[in-house]
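Coordinates in review
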Amino acid sequence: MKLSPNTAPVEPVNLLIRFHNQVGAAVDVTGTTAYMGSRWRCHGCGDDDGLHGIISTRRNANDHAGFCRAAYHRL
């Protein structure tokens, strides 16, 4: 999927939370709130995390968004 320079990615159907990193790229938490049913993915740098519980997934995604400076578009 190709994004225009100033467009946020489309929200996935199973999106639970969307954070934004230091430059505005989305860090999406997707999945379910069930045990070990959620994961996060950064649309800036492409980093992601495996399946975890929603509490630790939320914390890890928020921590990542706090330090990541990767843009979601090509400069």
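Our structure is the block above this text.
Everything numeric in this text was worked out from a predicted model, so none of it was measured.

Here we come to the sheet that holds strand β1 (residues 15-20). The sheet built from 3 strands is open, its strands ordered β1-β2-β3 with antiparallel pairing. Among the strands making up the open sheet, the edge pair consists of β1 and β3 (38-42). Within the sheet, the average angular offset between the axes of one strand and its neighbour, ignoring direction, is 20 degrees. Of the pairings in the sheet, the one linking strand β2 (residues 26-31) to β3 comprises 5 bridges and is antiparallel in character. Bridged to V29 within β3 is W40. Its contacts with the sheet put helix α1 (residues 54-67) on β1, β2 and β3, and the angle it makes with β3 is roughly 10 degrees.

Quick look at the nonpolar core now. Judged by nonpolar contacts, F19, V27, V29, W40, C42, A61, A65 and C68 together constitute the single largest core of 8 residues. The contact partners of C42, leaving out residues within four places of it in the chain, are N21, A26, V27, D47, H64 and C68.

All chains considered together, the criterion is met by 0 disulfides. Among the cysteines around C42, which has no disulfide bond, C45 carries the closest sulfur, lying 3.8 Å off. C68 takes part in no disulfide bond, and the closest cysteine sulfur to it belongs to C42, at a distance of 3.9 Å. Given a relative accessible area of 6%, C68 falls into the buried group.

Calculation rules
- As a convention, each chain's residues are numbered from 1 in the sequence order in which they are written.
- Only residues with pLDDT of at least 70 get local features here, since the model is predicted, and only at 80 or more are side-chain atom pairs given and counted; chain-wide, interface and lining totals rely on the full set of residues.
- No hydrogens and no water enter the side-chain calculation; it runs on all heavy atoms of the structure.
- Any two strands with at least two DSSP bridges between them are considered paired.
- Note on conventions: DSSP H or I runs of at least 4 residues are helices, E runs of at least 2 residues are strands, and numbering of each starts at the N terminus.
- Axis definition: a line fitted to C-alpha atoms, over the contacting stretch in the case of helices. Angles run 0 to 180 degrees between N-to-C directions.
- Two residues qualify as a contact provided that any one of their heavy atoms is within 4.5 Å of a heavy atom in the partner residue.
- We define the nonpolar core as a collection of buried residues of types Ala, Val, Leu, Ile, Met, Phe, Trp, Tyr and Cys that are connected through side-chain atoms lying within 4.5 Å of one another.
- Classification of residues uses two cut-offs on accessible area relative to the type maximum, computed with a 1.4 Å probe and protein chains only: under 20% is buried, over 50% is exposed, and between them is partly exposed.
- Note on terminology: disulfide denotes any pair of cysteine sulfur atoms within 2.5 Å.

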